[in-house]
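# Architecture and fold: a report
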Amino acid sequence: MKKILMVALLLLTLCAVVAAQDPQQAIRDKTLKFTSSIVAKNLNVLDEVFDKDPGNIYYDINEGPLVGFDRLKRVWTAATTNFTISKFDFNKDMKIWVMGDQALQVGTWTQTQVNKEGASRDIVGRATILWHKKDGQWWVWHYHASITPPRPQRPPR
């Protein structure tokens, strides 16, 4: 029994080490934490995902450039105060390229917002996110999100 427990503990440790060494998975996990926390109106997640360098520049779907973390935080506070974001997901087309301590993430996302009057709207967008690894953690230092405009219908040929 003691040997089985030791082997199980060793396997769990090995799995944790392998997971910690996969930067793409770490970034996917942080992205999921970010979107699910925004839906839960937990803006503390911003402190866990975004680098606080005052020179960082972010672009939101409604405005930009947002210079610095404090400005980004004010925009997300307004978004979650003026709307209930009931859905926020990155889609399966999300790609992440890691180059040492830098990473590029691109992909599309969907979001459902409900205003104070109860009107709902679905938004489809795309994002380009630049990450860097600092103190053993991945941090966003540039975020550019935009709404994908609907494509006009093509006339029949």
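All values derive from a computational prediction rather than experimental measurement.

### With respect to the environment of Trp141
Along the chain, Trp141 falls in strand β7 (residues 137-147). The sequence separation of Trp141 and Gly68 amounts to 73 residues, and the corresponding C-alpha distance is 9.4 Å. Not counting residues within four places of it along the chain, the set of residues in contact with Trp141 comprises Asp51, Asn56, Ile57, Tyr58, Gln102, Leu130, Trp131 and His132.

### Some remarks on the nonpolar core
Among the nonpolar cores identified, the biggest contains 29 residues, and Phe34, Phe50, Trp76 and Tyr143 are the most heavily contacted of them. Elements supplying a minimum of two residues to this core: α2 (23-39), α3 (45-49), α4 (69-82), β3 (83-90), β5 (102-115), β6 (120-134) and β7. With residues up to four places along the chain from it excluded, the contact list for Tyr143 reads Phe34, Phe50, Ile57, Tyr58, Tyr59, Trp76, Phe88, Thr128 and Ile129.

### A short note on the packing of aromatic side chains
A complete count under the given rule lists 9 aromatic pairs for this structure. When the centroid spacing of 5.6 Å and the interplanar angle of 75 degrees are considered together, the rings of Phe34 and Phe50 count as edge-to-face. In this pair, Phe34 is assigned in helix α2 and Phe50 in the loop between α3 and β1 (57-59), connecting sequence segments 16 residues apart. The same class applies to Phe34 and to Phe50, which are both buried. Cation over ring: Lys30 sits above Trp139, and NZ or CZ is 4.3 Å from the ring centre. One residue, Lys52, lies across the ring of Phe69, its end atom 5.0 Å from the ring centre.

### Brief notes about the side chain of Thr31
Considering the arrangement of structural elements, one finds Thr31 in helix α2. Judged by relative accessible area, Thr31 falls into the buried class, the value being 6%. If we skip the residues at most four places from it in the chain, Thr31 touches Phe90, Met94, Gln105 and Trp131.

### Considering the confidence of the model for the chain
The predicted model of the chain averages 87 in pLDDT, with 87% of residues at 70 or higher. Confidence over residues 14-19 falls short of pLDDT 50; this stretch has 0 contacts with residues more than four positions distant or in other chains.

### Things to note about α2
Because each turn of an α-helix spans 3.6 residues, side chains separated by three or four positions end up pointing in the same direction. Along its 17 residues, α2 runs 24 Å from first to last C-alpha, staying within 8% of the 24 Å computed at 1.5 Å per residue. Restricting attention to buried positions, one finds in α2 the residues Ile27, Lys30, Thr31, Phe34, Thr35, Ser37 and Ile38. When α2 is viewed along its axis, its buried side chains cluster within an angular range of 165 degrees and face the same direction. Structurally, the start of α2 carries an N-cap: the backbone nitrogen of Gln24 is 3.2 Å from a side-chain oxygen of Asp22. Lys41 occupies a position one or two residues after α2 and carries a positive phi of about 60 degrees.

Reading the values: rules and limits
- Per chain, residue numbering runs from 1 following the sequence as it is written.
- Side-chain atom pairs in this predicted model are given and counted only at pLDDT of 80 or more, local residue features only at pLDDT of at least 70, and totals for whole chains, interfaces and linings cover all residues.
- Only hydrogens and water are set aside when side-chain values are computed; all heavy atoms of the structure are taken into account.
- Secondary structure elements follow DSSP: runs of H or I of four or more residues count as helices, runs of E of two or more count as strands, with numbering from the N terminus.
- The contact criterion used throughout is that any non-hydrogen atoms of two residues lie within 4.5 Å.
- Take the buried residues of types Ala, Val, Leu, Ile, Met, Phe, Trp, Tyr and Cys, join any two whose side-chain atoms come within 4.5 Å, and each joined set is a nonpolar core.
- Burial classes: relative accessible area under 20% of the type maximum marks a residue as buried, over 50% as exposed, and values in between as partly exposed (1.4 Å probe, protein chains only).
- Here is the rule: rings of Phe, Tyr and Trp (six-membered ring for Trp) pair when centre to centre is within 6.5 Å. Planes less than 30 degrees apart are stacked, more than 60 are edge-to-face, and the remainder are tilted.
- Two thresholds decide whether a charge sits over a ring: the Lys NZ or Arg CZ must be within 6 Å of the ring centre and within 35 degrees of the ring normal.
- For every residue, the predictor reports its confidence as pLDDT, a number between 0 and 100.
- Under the convention used throughout, the expected extent of a helix is 1.5 Å for every residue step, that is, one less than its residue count.
- For this quantity, the arc is that covered by the directions from the helix axis to the C-beta atoms.
- Polar contacts, as used here, are pairs of N or O atoms within 3.5 Å; protein pairs need one atom able to donate a hydrogen and one able to accept it. Residues neighboring in sequence count only if both atoms are side-chain atoms.

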